[in-house]
Amino acid sequence: MNVWFVDDHPENLEAWRASFPATVHASCDLRTFGSVPELFEALDAGERPDVMFVDYFMGPHTGMDVVERFLGDGAAPPLLIAHSSVPRVNRGMVRQGAHLWMEKVPGSGRTRSIVDAIHDVEDLERLVAKHIARS
């Protein structure tokens, strides 16, 4: 399973990675992107995640740019998880089309919302099945 995260702060990328258990690290491709253009370059090359965690404030870009790209590209979107430290913008990304949000707490080293919700690959699969209609 391809699980991606876009955020322009390296410490947030590391905290995100550190929040997953070893079994998820061993079974999934956890990939981080430090900018929206970097993410879009991977998408333009034909790569695609199954789960996409999205920060909101990223320089000249926002999480809305990412959500709109996935919803407007004609392909089935991945599980889109709004992942900002600002609840108001997380709710906004969900209104825009993200499937759910998980709170991010900057500077914490690990993200409690991920630690509590994802204990193994099966938890990720359940989240995808719950929020994404698969044919």
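Data block above holds the structure.
What counts and what doesn't
Residues numbered from 1 in each chain as written. Predicted model: local features only at pLDDT ≥ 70, side-chain atom pairs only at ≥ 80, totals over all residues. Heavy atoms only, no water. Salt bridge = Lys/Arg side-chain N within 4 Å of Asp/Glu carboxyl O. Helix = DSSP H or I, 4+ residues; strand = E, 2+ residues; numbered from the N terminus. Buried < 20%, exposed > 50% of the residue type's maximum accessible area, 1.4 Å probe, protein only. Phe/Tyr/Trp six-rings, centres within 6.5 Å; stacked < 30°, edge-to-face > 60°. Lys NZ or Arg CZ within 6 Å of the ring centre and 35° of its normal.

Novice: How should the pattern of salt bridges be read in this particular structure?
Specialist: Side chains that differ in charge, positive against negative, can pair when their charged atoms come close. With the rule as written, the count across this model stands at seven salt bridges. We note a salt bridge from K104 to D55, for which the minimum N-O separation is 2.9 Å. Note that K104 is positioned in the loop between β7 (100-101) and α6 (112-117) and D55 in the loop between β3 (51-54) and β4 (57-58), a separation of 49 residues in sequence. With relative accessibility at 5%, the residue K104 sits in the buried group.

Novice: Sorry, what's going on with the packing of aromatic side chains here?
Specialist: For any pair of aromatic rings, the description rests on two quantities: the centre-to-centre distance and the angle between the ring planes. For the coordinates displayed, the defined rule picks out six aromatic pairs. Between W16 and F20 the ring centres are 5.0 Å apart and the planes differ by 75°, which places this aromatic pair in the edge-to-face class. A relative accessible area of 0% places W16 in the buried class. Given the relative accessible area of 4%, F20 is considered buried. One aromatic cluster is present, formed by F5, W16, F20 and F53 through successive ring pairs. In this arrangement the basic side chain of R31 is found over the ring face of W4, its NZ or CZ atom lying 5.2 Å from the centre.

Novice: How should I be thinking about the environment of V24 in this particular structure?
Specialist: Along the polypeptide, V24 turns up in helix α2 (residues 22-27). V24 gets classed as buried once you look at its relative accessible area, which sits at 0%. For the pair V24 and A75, spaced 51 residues apart in sequence, the C-alpha to C-alpha distance is 26 Å.

That is the geometry; function is a separate question.
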